Every structure is written in structure tokens, then in C-alpha cells.
Amino acid sequence: MIDNQEVLFFRKELARLLDDYRNCEKPSLKKEISEDISLLSEVIYGDEQHPFSSYTLS
């Protein structure tokens, strides 16, 4: 289980990745960022329904 400090760090990183995704123009890089967002969301939210599980990044 991750502690509260780690969750805060991961949420900041998630916000940065979302900004990177929105600003990215290369489809291949955008796909990699999307995968990172999904993985990090799973770490933060675990088995819960996390905000980006059904979120379509576009």
C-alpha cells in the first residue's frame, strides 16, 4: 500500500502527464503518455473505479 506522501507525488505526476498529453502532437508519443496515465491511475486508485479508467483521452 502506498502512503499519503506517495499519493500526493503520483497525483502531481498524473497532472503533468495529462498536460503533456493535451499538448502532444505526435500520435505515437501521445499513445505512450496515455498508457503512463492509465498505469499511474491504477497505482493511485487501485481496484477502485479510477477517473481515467473509462476516460477517453482526446
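Structural data are supplied above this passage.
Our subject in this report is the structure included herewith. This structure is a prediction, so every number in the text was calculated from the model and none was measured. All chains use their own residue numbering, which begins from 1 and follows the written sequence. Given that this is a predicted model, residues contribute local features only at a pLDDT of at least 70 and side-chain atom pairs are listed and counted only at 80 or more, while totals for whole chains, interfaces and linings are drawn from all residues. Water and hydrogen atoms were dropped before computing side-chain values, which therefore reflect all heavy atoms in the structure.

### A few points about the overall build of the protein
Stated precisely, the cut-off is as follows: Helix and strand labels come from DSSP, where a helix needs a run of H or I of at least four residues and a strand needs a run of E of at least two; each type is numbered from the N terminus. Relative accessibility under 20% of the residue-type maximum defines a buried residue, over 50% an exposed one, and the middle range a partly exposed one, all with a 1.4 Å probe and only protein chains included. Only heavy atoms enter the contact rule, under which two residues are in contact if any of them lie within 4.5 Å. Residue exposure ignores everything except the shown protein chains as possible cover, and the areas themselves are Shrake-Rupley values with a 1.4 Å probe.
Looking only at helices and strands, one finds 2 helices and 0 strands in the protein. Counting only residues that meet the buried cut, the protein has 26% of its 58 residues in that class. Looking at the protein alone, contacts between residues at least 24 apart form 45% of all its contacts between residues at least 6 apart. As presented, the protein carries roughly 4600 Å² of accessible surface, and 50% of it is formed by carbon and sulfur atoms.

### Observations concerning the nonpolar core
Our working rule: We define the nonpolar core as a collection of buried residues of types Ala, Val, Leu, Ile, Met, Phe, Trp, Tyr and Cys that are connected through side-chain atoms lying within 4.5 Å of one another.
If you look at the biggest cluster of nonpolar residues, it comprises 11 residues: Val 7, Leu 14, Leu 17, Leu 18, Tyr 21, Cys 24, Ile 33, Ile 37, Leu 40, Ile 44 and Tyr 45. Listed by contribution, the elements that provide at least two residues to this core are α1 (4-23) and α2 (27-45).

### Quick notes on α2
This is how the line gets drawn: A helix is expected to reach a length of 1.5 Å times the quantity of its residues less one. The reported arc concerns the directions from the helix axis to the C-beta atoms and nothing else.
Between its first and last C-alpha, α2 extends 27 Å over 19 residues, near the 27 Å set by a 1.5 Å rise per residue. Of all the positions in α2, only Ile 33, Ile 37, Leu 40, Ser 41, Ile 44 and Tyr 45 are classed as buried. One side of α2 holds all its buried residues, which, seen down the axis, span an arc of 110°. Turned more than 90 degrees from where α2 packs its buried face, Ser 28, Lys 31 and Leu 39 sit exposed.

### What to know about the packing of α1 against α2
Keep this limit in mind: Here the axes come from fitting lines to C-alpha atoms, over the contacting stretch only for helices, and the angles between their N-to-C directions go from 0 to 180 degrees. When describing relative orientation, an angle under 35 degrees is termed roughly parallel and one over 145 degrees roughly antiparallel, while 65 to 115 degrees is termed roughly perpendicular and anything else oblique. Crossing handedness is read from the near helix: turned anticlockwise from the far helix by less than a right angle, it gives a left-handed crossing, and turned clockwise, a right-handed one. For this classification, Asp, Glu, Lys and Arg are treated as charged, while Ala, Val, Leu, Ile, Met, Phe, Trp, Tyr, Cys and Pro are nonpolar and the rest, including Gly, are polar.
Here α1 crosses α2 at 160°, and the two axes come no closer than 10 Å. Classified by the angle between their axes, α1 and α2 sit roughly antiparallel to one another. Considering only the axes of α1 and α2, their crossing is left-handed. Counting all contacts with α1, which are made through Val 7, Phe 10, Arg 11, Glu 13, Leu 14, Leu 17, Leu 18, Asp 20 and Tyr 21, the residues of α2 involved are Lys 30, Ile 33, Ser 34, Asp 36, Ile 37, Leu 40, Ser 41, Val 43, Ile 44 and Tyr 45. Taken together, the residues of the contact of α1 with α2 break down into 12 nonpolar, 2 polar and 5 charged.

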